Amino acid sequence: MTLSQSLEGDGPFSQLIIRGVTLINGNGAPPIGPVDIVVENNIIREIDVVGYPGVEIDSSRRPQLAPGGKELDCTGMYLLPGFVDMHGHIGGRAQGAEPDYVFKLWMAHGITTIREPSGRGVDFAMDLKRKSSKNEIIAPRIFVYTGFGQGSKEQISSPEMARAWVRSNAQKGADGIKFFGAPPEIMSAALDENKKLGLRSACHHAQMDVARWNVLQSARAGLTSMEHWYGLPEALFTDRTVQDYPLDYNYNNEQHRFQEAGRLWEQAAPPYSEHWNTVMDELLELDFTLDPTFNIYEASRDLQRARRAEWHEDYTLPSLWDFYQPSKISHGSYWHYWGTEQEVAWKRNYTLWMTFVNEYKNRGGRVTTGSDSGFIFQLYGFAYVRELELLREAGFHPLEIIRSATLNGAEALGVSDKIGTVTVGKLADFVIVGENPLENLKVLYGTGAIKLTEDNEVVRVGGVRYTIKDGIVYDAKALLRDVKRMVEEKKRETDYKIRQPGIRE
């Protein structure tokens, strides 16, 4: 069976047998193979070890193909659970990135589940969720976390209004809420009501409210995950209650906002100090989830690296490239005069931030993988792989990274009984790649990894080969080719050429 020309996917099948893979399960276990995996419709029915590395497989030991079944020969390849992107915005009008473009980039990188933490509204997201669940569109499965207050005719200004909005959000089918902060009495009421309804929550603790409501207050009130890192240094303050804002600071000035954020971790309690440990202990006790999204801030420490990423030319839409440029208006376009001082501060910021996240993982805390793509030169799908690399930089073993990207995400969403590991009885969501991603995570990029052969030839290897979602097999490389075609068409319409900021010719 081959899918080299397939965009729409093939399946699900009455029986699908994936032959000869090395399995990386997602639960922290080391690879094992060769393995045959039997799927019936959309359920994993058998996982059979069928031999030993380098030894010819005895066909009598292999599960037999039933009449009408399909085989996928993946001899020598690696199979992982489908990836979970815990911070996946489904494009945006300002970026000109529509769902079909975004979904194909995600699926081409093995992302079979996303949590959208606010977007164009609950009705928009729920429509896409329903279509994805029926596999009417090429898309990951979608968990909808509506932005708090989104769609309300009035600004939420009382606990009673907060509770009413939370109930309405649940009635519309949303899976949870994304908060940005609010007065303490409103946050308390909303989180309490949401928890009573059995729903989950996320929060970007924005600076406008964090001085009165940081991560600890959220976790105590029932928040289930924090996004990025805002609110955590504030919980770690020992000699102040607000960050050390310059006196000419204006939050609406994007350079002010991101520049000063890069100095925030140095104002917190130092690693392994008494207060640092006290805060971590309480978050661990509360079974709180960290979703750090390291990649989305990486341009802050190395702007040139982010804007020169090799995939922009082929896969970034003109409208998205325009959105990334320095601007006083667009969110995240804070390169008004970004220089060495800002980048050095952010490098130190990362060191402290990563220290906390890695230690949280080491002490049993749940850390997930989220990308927050569509801003700051970070492209859907590609940015997710970069997030995996940054977890490695933080100190995670590659097997811990895969667990963060799969099982941990499923647990945080409350669906680890269905997805997150390759386990009999779970749904058939898989990533299949030709090379070992534990040796080099770069093989997961759609553009692959650079390799020098024994014959001194430079080649590209990698890129996800197949993405399987709900038992349907997609040719990941075909999906990428379609995205490339979309970008080429948009460029032809206006004779568009990607240029670096400030370059006119």
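Owing to the predicted nature of the structure, the values given are computational and were not obtained by experimental measurement.

J.: Help me out: how do you make sense of the overall build of the protein in this one?
T.: For the protein, the count of helices and strands is 16 helices and 18 strands. Relative to a compact globule of 505 residues, whose C-alpha radius of gyration would be 23 Å, the protein shows 23 Å and is just as compact. Referenced to the eigenvectors of the C-alpha coordinate spread, the extents of the protein come out at roughly 75 × 60 × 45 Å. Within the protein, the fraction of its 505 residues that count as buried is 60%. Taking the contacts inside the protein whose residues are at least 6 apart along the sequence as the reference set, 74% of them involve residues at least 24 apart. Split by element, the accessible area of the protein, about 20800 Å² in all, is 47% carbon and sulfur.

J.: What is the right way to read the packing of helix H1 (residues 99-108) against helix H16 (residues 476-494) from this model?
T.: If you want to describe how two helices pack, look at the angle between their axes and the distance between the axes. Where H1 contacts H16, the axes come no closer than 8 Å and their chain directions differ by 145°. Between H1 and H16 lies a crossing whose hand is left-handed. Contacts between H1 and H16 involve Asp100, Tyr101, Lys104, Leu105, Met107 and Ala108 from the former and Ala476, Leu479, Leu480, Asp482, Val483, Met486 and Val487 from the latter.

J.: Explain helix H13 (residues 382-394) here, please?
T.: An α-helix turns once every 3.6 residues. As a result, residues three or four positions apart point the same way. Across its 13 residues, H13 extends 19 Å between first and last C-alpha, which sits within 8% of the 18 Å expected from 1.5 Å per residue. Counting buried residues in H13 gives 11 out of 13 residues, a clear majority hidden from the surface.

J.: Help me out: how do you make sense of a nonpolar patch on the surface in this one?
T.: Residues Ile450, Leu452 and Val458 make up a contiguous nonpolar surface patch of about 320 Å² in total accessible area. By the element assignment, Ile450 lies in strand E15 (residues 449-452).

J.: I'm lost on the pattern of salt bridges in this one. Help?
T.: Once the charged atoms of two side chains with opposite charge are near each other, the side chains can pair. Applying the stated criterion across every chain yields a total of 38 salt bridges. When the shortest N-O distance is used, the salt bridge between Arg366 and Asp287 registers 3.3 Å. One end of the pair, Arg366, is in strand E13 (residues 366-367); the other, Asp287, is in the loop between helix H8 (274-285) and strand E12 (289-291), and 79 residues separate them in sequence. Its relative accessible area of 48% is what places Asp287 among the partly exposed residues. Residues Asp470 and Lys469 are paired through a salt bridge, measuring 3.8 Å at the closest nitrogen-oxygen approach.

J.: Before we go on, may I ask you to explain the sheet that holds strand E11 (residues 225-227) in this structure?
T.: Within a sheet, neighbouring strands are paired by backbone hydrogen bonds and run either parallel or antiparallel to one another. The 8 strands lie next to each other as E6-E7-E8-E9-E10-E11-E12-E13, forming an open sheet whose pairing is parallel. This sheet does not close on itself; its edge strands, each paired only once, are strand E6 (83-85) and E13. Looking at chain direction, strand E9 (residues 176-179) and strand E10 (residues 200-203) are connected through 4 bridges and run parallel. Within E10, the residue paired with Phe179 across the bridge is Cys203. Contacting E6, strand E7 (111-117) and strand E8 (141-147), H1 runs over the sheet at an angle of about 130° to E7. On the sheet, helix H3 (residues 159-171) packs against E8 and E9 and is oriented at approximately 130° with respect to E9.

J.: How do you make sense of the nonpolar core when you look at a structure like this?
T.: Note that soluble globular proteins tend to have their nonpolar side chains buried in a common cluster. Among the nonpolar cores identified, the biggest contains 125 residues, and Tyr101, Phe148, Leu283 and Phe356 are the most heavily contacted of them. Look past the residues within four positions of Phe356 in its chain and what remains in contact with it is Leu232, Leu236, Trp265, Trp276, Met280, Leu283 and Leu290. Phe13, Leu16, Ile44 and Ala428 belong to the second-largest nonpolar core, a separate cluster that totals 20 residues.

J.: Would you take a moment to explain the side chain of Ser218 for this structure?
T.: Tracing the sequence through the fold places Ser218 in helix H5 (residues 215-221). Residue classification places Ser218 among the buried residues on the basis of a relative accessible area of 0%. Setting aside residues no more than four positions away along its own chain, Ser218 makes contact with Met187, Leu191, His205, Trp213 and Leu223.

J.: Can you help me understand the pairing of E9 in this one?
T.: Residues Gly176 and Lys178 point to one face of E9 and Ile177 and Phe179 to the other, with burial holding for every one of them. One ladder, built from 3 bridges, connects E8 with E9; its direction is parallel. Looking at E9, one finds that Tyr145 is bridged to Gly176. A crossover connection joins E8 to the parallel E9 through H3; in handedness this β-α-β unit is right-handed. Chirality of the crossover, the property in question, places the unit of E9, helix H4 (residues 184-196) and E10 among those that are right-handed.

Reading the values: rules and limits
Residues numbered from 1 in each chain as written. Predicted model: local features only at pLDDT ≥ 70, side-chain atom pairs only at ≥ 80, totals over all residues. Heavy atoms only, no water. Helix = DSSP H or I, 4+ residues; strand = E, 2+ residues; numbered from the N terminus. Rg over C-alpha atoms; globule rule 2.2 N^0.38 Å. Buried < 20%, exposed > 50% of the residue type's maximum accessible area, 1.4 Å probe, protein only. Contact = heavy atoms within 4.5 Å. Areas by Shrake-Rupley, 256 points an atom, 1.4 Å probe, with all protein chains shown as cover. Axes fitted to C-alpha atoms, helices over the stretch in contact; angles between N-to-C directions. Left-handed = near helix turned anticlockwise from the far one by under 90°. Expected span 1.5 Å × (residues − 1). Patch = residues over 30% accessible without salt bridge, like charges linked within 9 Å, V, L, I, M, F, W, Y side chains within 5 Å. Salt bridge = Lys/Arg side-chain N within 4 Å of Asp/Glu carboxyl O. Pairing = 2+ DSSP bridges. Core = buried A, V, L, I, M, F, W, Y, C linked by side-chain atoms within 4.5 Å. Right-handed = clockwise from strand over helix to strand, strands pointing away.

Geometry only, nothing functional implied.
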